[in-house]
Amino acid sequence: MQKVYTKIESIVGNVITVRAQGVRYNDLAMVGKSLANVIKLDGELVSLQVFAGAQGISTTDEVRFLGYPMKVSYSENLLGRVFNGSGKPMDNGPELDENLIEIGGPSVNPAKRIIPRNMIRTGIPMIDVFNTLVESQKLPIFSVSGEPYNQLLARIAMQAEVDLIVLGGMGLKYDDYLYFKDTLKESGAMDRTIMFIHTASDPTVECTMIPDLALAVAERFALDGKKVLVLLTDMTNFCDALKEMAITMEQVPSNRGYPGDLYSSLASRYEKAVDFEGAGSVTILGVTTMPGDDVTHPVPDNTGYITEGQYYLKGGRIEPFGSLSRLKQQVNKDTREDHRALMDGMIKLYAAYKESVEKKSMGFMMSEWDNKLLDYGKLFEARLMDLSVNIPLEDALDEGWEILASCFEPNETGLKSDLIVKFWPRTEE
Amino acid sequence: MKNNNAHVIGVNGNMVKVAFEGTLSKNEVGYIHVGTSRLKGEVIRVNGSEASMQVFEMTGSIAVGDEVEFSSELLSVELGPGLLTQIYDGLQNPLPDLAAQCGFFLQRGVYLDPIPSKDWEFTPVVKVGDRLRPADAVGTVMEGIFTHRIMVPFSFEDEDWTVTHIVEKGVYNVRSEVARLKSAKGVERSLTMVFSWPVKKAIKCYRERLRPDETLVTKIRIIDTFLPIAKGGTYCVPGPFGAGKTVLQHMTSRNADVDIVIIAACGERAGEVVEVLKEFPELTDPKTGKSLMERTIIICNTSSMPVAAREASVYTAVTMAEYYRQMGLNVLLLADSTSRWAQAMREMSGRLEEIPGEEAFPASLESVIASFYERAGKVRLRDGKIASVTIGGTVSPAGGNFEEPVTQATLKVVGAFHGLSRERSDARKYPAIDPLSSWSKYKGIADEKKVSYARSILFRGSEINQMMKVVGEEGTSVEDYITYQKSELLDSVYLQQNSFDPVDSAVEVTRQLYCFDLLYSILKAKLELADKKEVRAFFNQVRQSFLDLNNSAFKSEAFMALEASIRELAASKQGRA
């Protein structure tokens, strides 16, 4: 049904309207040299969003309907490759068109889901020890512009114990894209990575396609038994692209200009995180920058309601307060017996340290206990919180005991006696 | 097919415009033929010969000109024995069966029989010649632990039916005929154990509605004592993300003193539903000794499932609740979360290009929310039995701000408000219900005078705490400091409850009253304490003993010993009151 139409009725923003018949909702078309997909049907009027943007499109340009929805190639050949939001290669490699799969597929039947049970080791103590990442979890990193969230993602991509990384970049600065590419290449992680990249200078529509492309590919690899980690940065740009499209389509905005279906749009992406019984899994780690560091902004707010916890990245560190992995209870009981107790104990002491810091800054007298806490806080920040620390979970736990032992007497830590007997580092010998 | 020539003329998201000829009613169900599949939708607006349908499936690949088949029926659910223990999506599609047929994914356009085709032992309770009205029973079957009444369908228009045929006691398939009825006008109808009812219409086959005046015990102290809910009442639980709404609802669904619990997981995380799905069959219902699943129905339309079906899911749930109420049972419906349901309405309203109300919610939001909560109620059935539907809905306000339209519209119509606060959940004070701003209009389990005295301590304590932040501990009198410590004690040993401790997670009424009296004696006591250091030491000691007491079995040796030590301690500091 490759019909060609040459009369474009209207061009508004990135949306063009053409009179056509027999067109199906969501189908693809070629407009000039760009892909476009159908986003509205009204009698004979067909609205299409043009992936490459409508700049320079003339009213007599050809519109050729392809008769199928957006698809992406799926095979082992994807590994190590970089694609844009139209699914075209960005790395001068060959175009892939074998084994095409549809994107934005149906959601997983809740009755087929299982309770998450495996942790993903990242080598970052603030994650492994304090807020463990769990297979099939969906977790955003709440941050603000200027924080090293992309560096953090790159480190996780290099170190996480998974079979495959799918990186979806939305509105990335070109520098950041190069940073990801170079870092992953240098570390040798590139050949287990697939990248779908939309840079800030690329057309908006392509930005909205990135998560669907990345997740469709991830899902298929998971069904084939792979443990896949999907990294999405930055979801706020994705939401802003949705906002732009919604406004172009004259939708009634709901909150700060965002469309009313923002929650559903985000949920349908994040809920792709799943552990397939008898096959692989998809885990999603996203970045959500909070405009003005405001967690009640519609994007982080809706995200928080969807995801299973969040990491706050502030001042170059993952904040122990506010950060939460809702699924950590499922796995941290089976790692090492002191894991939970140490996690709680160290956080409580760190909270006390924060109070002491506050007291100190207000000019109060520091007691002996306060001084101990101040020492502890400094060690904790330098030896565990710092993002450059890269040690396995067990070493991090031992490190935790070392820090405690160097600052406190055993009975000051509030930890259970049997754990102290077993794990408290012995100074003699 | 009654509407010839109905076909698609437009698609916008999940809204499809259809041109039709002949008659069509609002909320009628239609199917769009796309390739080999049929996609279900509901008519939500009719304008001349054009109708707008909200489609309950993903709308990809629909083309202008696709045929639409209307069913002449409103959006309905099937009611009959076998609903209990089931897991449905918002349109009553049984999810485990769907998984067995389609695998991991929810394939669109597949609609399965909601009521399992099963044989039941049917016992007739009428004989030929008996005269019946809709909702009168013709017989019963035993569904697990409940006597399930097989009723004359509520949808029979006439009020007067005569039994012309009734089967003998025996085992029958759920869909085989069990009776025939004839109306006064001579219409004859056949009855099976299953019939359908439109979800958006309340079932009103009862004699009268009663005031909800009986406390619904949840075994959560802060609720039962301070912020009670009632059988047949309504309540809402608004809270920001991470404040523990869902955990609170799960606790309630486990322990609530009702016959049947219906959980409507509406637009929330799938993972949370999975926890219920995997946990409930393992847990035993303390009342019956059977698995908790036997008294539970789960309606699950999680956030990534089609939005229009989310809108339908709460109605599906409440219709089932009303159906079981007709059997003389007490039903609790937990809807998590009504905000997602309201958002589904907002999405639809936007596509219909309606003039938006506040935050783009439809102008009808308040009346729709009100009429949903009004479907709760305690009633006297025609046979004199008292039964009830209680509705508890969580609200997820944007930014955790209660001033938004859904929270406000809900507050107007509910009988109790359990507001969760970020400060309390951040401080790990669970359940994070804010005792100061929450309220309830229902009668609790404890003596009202004592409760209001305890509340006044809380308020005063919070005031003193505010004051102390300014003037410091030094500037506070010992007397005020004692009141502050009393309020802190009440909070930490009574309002907070450890949902992971086997003893503390569910507290029986007798135990609650016993402990409340013990606590009350301390709150009321005039304590002779010299300085703040002594005050602190005293309350630390009381708190520690009380927390230990909360974790020991009721009236066990340890419990009695701890109680004695608390009383002794209090008595030793008691002044001459």
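Residues numbered from 1 in each chain as written. Chains lettered and ligands numbered in written order. Predicted model: local features only at pLDDT ≥ 70, side-chain atom pairs only at ≥ 80, totals over all residues. Heavy atoms only, no water.

### Here we look at the overall build of chain A
Move 1: Of the regular secondary structure elements, chain A holds 12 helices and 23 strands.
Move 2: With the principal axes as the frame, chain A shows a C-alpha extent of 85 × 50 × 40 Å.
Move 3: Each of the 429 residues in chain A was classed as buried or not, and the buried ones make up 58%.
Move 4: Of all intrachain contacts in chain A linking residues separated by at least 6 positions in sequence, the fraction that spans at least 24 positions is 71%. (Helix = DSSP H or I, 4+ residues; strand = E, 2+ residues; numbered from the N terminus. Buried < 20%, exposed > 50% of the residue type's maximum accessible area, 1.4 Å probe, protein only. Contact = heavy atoms within 4.5 Å.)

### Description of the overall build of chain B
Move 1: A count of helical and extended segments in chain B gives 14 helices and 28 strands.
Move 2: A compact globule built from 577 residues would reach a C-alpha radius of gyration of about 25 Å, and chain B, at 27 Å, matches this within 12%.
Move 3: Taking all 577 residues of chain B together, the buried fraction comes to 59%.
Move 4: The long-range fraction of contacts in chain B, counting pairs at least 24 apart against all pairs at least 6 apart in sequence, stands at 70%.
Move 5: For chain B, the computed accessible surface area is about 22200 Å², with 49% contributed by carbon and sulfur atoms.
Move 6: Chain B carries 68 positive and 74 negative side-chain charges, and their two centres are separated by 4 Å. (Rg over C-alpha atoms; globule rule 2.2 N^0.38 Å. Areas by Shrake-Rupley, 256 points an atom, 1.4 Å probe, with all protein chains shown as cover. Lys, Arg positive; Asp, Glu negative; His and termini not counted. Charge placed at Lys NZ, Arg CZ, Asp CG, Glu CD.)

### What about the interface of chain B and chain A?
Move 1: Of the residues lining the interface, 57 residues belong to chain B; the matching set on chain A comes to 50 residues.
Move 2: Regarding the contact of chain B and chain A, the summed buried area is about 4500 Å², with carbon and sulfur atoms giving 58% of it.
Move 3: Here chain B is connected to chain A by one salt bridge.
Move 4: At the boundary of chain B and chain A, one finds 24 residue pairs in polar contact (both at pLDDT 80 or more).
Move 5: Residue contributions to the side of chain B that touches chain A peak at seven residues, all from helix α4 (residues 270–279) of chain B. (Buried area = accessible area lost by both parts, 1.4 Å probe. Salt bridge = Lys/Arg side-chain N within 4 Å of Asp/Glu carboxyl O. Polar contact = N/O pair within 3.5 Å; in protein donor to acceptor, adjacent residues only side chain to side chain.)

### Points about the pairing of strand β5 (residues 34–42) of chain A
Move 1: The element β5(A) is largely enclosed, with a buried count of seven among its nine residues.
Move 2: Two elements, strand β4 (residues 27–31) of chain A and β5(A), share four bridges in a ladder whose sense is antiparallel. Bridge pairing in β5(A) links Leu28(A) to Asn37(A).
Move 3: In sequence, β4(A) turns back onto β5(A) through a hairpin of two residues, with Gly32(A) there showing a positive phi of about 60 degrees.
Move 4: Here six bridges tie β5(A) to strand β6 (residues 45–50) of chain A, and the two strands are oriented antiparallel to one another. By the bridge assignment for β6(A), Leu41(A) is matched with Val46(A).
Move 5: Between the antiparallel neighbours β5(A) and β6(A) lie two residues, among them Gly43(A) with a positive phi of about 60 degrees.
Move 6: Sheet topology places β5(A) next to strand β1 (residues 7–12) of chain B; two bridges connect them, and they run antiparallel. Pairing of Asp42(A) across the sheet is with Gly10(B), part of β1(B). (Pairing = 2+ DSSP bridges.)

### Here's the deal with the side chain of Arg310(B)
Move 1: Mapped onto the elements of the fold, Arg310(B) is located in helix α5 (residues 307–325).
Move 2: The side chain of Arg310(B) sits in the buried core without any salt bridge; Glu347(B) is the nearest counter-charge, 4.8 Å away.
Move 3: Residue contacts for Arg310(B): discarding those within four places in its chain leaves Tyr263(A), Ser264(A), Cys266(B), Gly267(B), Asn301(B), Ser303(B), Arg340(B), Trp341(B), Gln343(B) and Ala344(B).

### What about the domain arrangement of chain B?
All names here are of chain B.
Move 1: Examined at the domain level, chain B breaks down into domain 1 (7–74), domain 2 (116–193), domain 3 (208–440) and domain 4 (448–573).
Move 2: Taking only C-alpha atoms into account, the centre of domain 3 sits 31 Å from that of domain 4.
Move 3: Taken together, the 19 residues of domain 3 in the interface contact 23 residues of domain 4.
Move 4: Across the interface of domain 3 and domain 4, roughly 2000 Å² is buried in total on both sides, 56% from carbon and sulfur atoms.
Move 5: Between domain 3 and domain 4 we count four salt bridges in total.
Move 6: Our enumeration of links across domain 3 and domain 4 arrives at 14 residue pairs in polar contact (both at pLDDT 80 or more).
Move 7: If you list the elements that add at least two residues to the side of domain 3 that touches domain 4, you get α2 (221–226) and α3 (245–255).
Move 8: Of the residues assigned to the side of domain 3 that touches domain 4, the class counts are 11 nonpolar, three polar and five charged. (Domains from an automatic or database assignment. Nonpolar A, V, L, I, M, F, W, Y, C, P; charged D, E, K, R; others polar.)

### Some remarks on the sheet that holds strand β12 (residues 146–151) of chain B
All names here are of chain B.
Move 1: Spatially, four strands are ordered β12-β11-β9-β14 in an open sheet, and the strand pairing comes out antiparallel. Unpaired on one side and paired on the other, β12 and β14 (170–173) mark the two borders of the sheet. In this sheet, neighbouring strand axes are inclined to one another by 40 degrees on average, regardless of whether the strands run parallel or antiparallel.
Move 2: Pairing geometry for strand β9 (residues 119–124) and strand β11 (residues 137–143), over two bridges, is antiparallel. Directly across from Pro124, in β11, lies its bridge partner Gly139. (Axes fitted to C-alpha atoms, helices over the stretch in contact; angles between N-to-C directions.)

### Points about a nonpolar patch on the surface
Residue and element names in this part refer to chain B.
Move 1: Judged by side-chain polarity, Met467, Val470 and Val471 come together as a nonpolar surface patch covering roughly 290 Å² of accessible area.
Move 2: Within the secondary structure, Val470 sits in helix α10 (residues 448–471).
Move 3: Look at Val470 and you get exposed, because its relative accessible area is 71%. (Patch = residues over 30% accessible without salt bridge, like charges linked within 9 Å, V, L, I, M, F, W, Y side chains within 5 Å.)

### Comments concerning the pattern of salt bridges
Move 1: Evaluated as defined, the whole model comprises 51 salt bridges over all chains.
Move 2: Of the charged contacts in the structure, one is a salt bridge between Glu272(B) and Arg269(B), with a shortest N-O distance of 2.6 Å. The pair Glu272(B) / Arg269(B) is uniform in exposure class, with both members buried.
Move 3: One salt-bridge network, in which partners are shared between bridges, spans Arg113(A), Lys138(A), Glu271(A) and Glu308(A).

### Some words on the sheet that holds strand β13 (residues 161–166) of chain B
All names here are of chain B.
Move 1: The antiparallel open sheet is built from four strands, whose spatial order is β10-β13-β15-β16. Of all strands in the sheet, those with a lone pairing partner are β10 (131–132) and β16 (188–191), marking the two edges.
Move 2: Two strands pair when backbone bridges link them, and β13 and strand β15 (residues 179–183) are joined in this way by five bridges, in the antiparallel orientation. Each residue of the ladder has a partner; that of Thr162, found in β15, is Lys182.

### Points about the packing of helix α4 (residues 204–223) of chain A against helix α5 (residues 235–248) of chain A
Residues and elements named next belong to chain A.
Move 1: Between α4 and α5, whose axes approach to 9 Å, the crossing angle comes to 130 degrees. Taken as axis vectors, α4 and α5 run oblique relative to one another. You can see that α4 and α5 cross each other, and the crossing is left-handed. On α5, the residues touching Thr204, Val205, Cys207, Thr208 and Pro211 of α4 are Asn237, Phe238, Ala241, Leu242, Glu244 and Met245.
Move 2: Here the residues of the contact of α4 with α5 sort into seven nonpolar, three polar and one charged. (Parallel < 35°, antiparallel > 145°, perpendicular 65-115°, else oblique. Left-handed = near helix turned anticlockwise from the far one by under 90°.)

### A short note on the nonpolar core
Residues and elements named next belong to chain B.
Move 1: Membership of the largest hydrophobic core comes to 80 residues, with the highest contact counts inside it found for Phe154, Ile262 and Tyr324.
Move 2: With 11 residues, α5 is the single largest residue contributor to this core.
Move 3: Counting residues in each nonpolar core, the second largest holds 73 residues, with Leu98, Ile433, Leu527 and Val535 among its members. (Core = buried A, V, L, I, M, F, W, Y, C linked by side-chain atoms within 4.5 Å.)

### Some words on the environment of Ser456(B)
Move 1: Turning to its location among the elements, Ser456(B) is positioned in helix α10.
Move 2: Within the structure, the side chain of Ser456(B) is placed 2.5 Å from the backbone oxygen of Tyr453(B), a separation counted as a polar contact.

### Remarks on the environment of Met560(B)
All names here are of chain B.
Move 1: Here Met560 shows up in helix α14 (residues 557–573).
Move 2: Counting along the chain gives 11 residues from Met560 to Leu549, while the straight-line C-alpha distance between them is 8.5 Å.
Move 3: Discounting chain neighbours no more than four positions away, the residues touching Met560 are Tyr514 and Lys555.

### Focus on the packing of aromatic side chains
Move 1: The tally for this structure, following the rule as stated, stands at 42 aromatic pairs over all chains.
Move 2: Pairing Tyr323(B) with Tyr324(B) gives two aromatic rings, centres 5.5 Å apart and planes at 75 degrees, and the pair type is edge-to-face.
Move 3: Under the relative-accessibility criterion, Tyr324(B) is labelled buried at 0%.
Move 4: One aromatic cluster is present, built from ring pairs that chain together Phe130(A), Phe321(A), Tyr350(A), Tyr353(A), Trp369(A), Tyr376(A), Phe380(A) and Phe408(A).
Move 5: Above the ring of Tyr31(B), the side-chain terminus of Arg38(B) is found at 4.1 Å from the ring centroid.
Move 6: One cation-aromatic arrangement involves Arg340(B) over Tyr305(A); the distance from NZ or CZ to the ring centre is 4.7 Å. (Phe/Tyr/Trp six-rings, centres within 6.5 Å; stacked < 30°, edge-to-face > 60°. Lys NZ or Arg CZ within 6 Å of the ring centre and 35° of its normal.)

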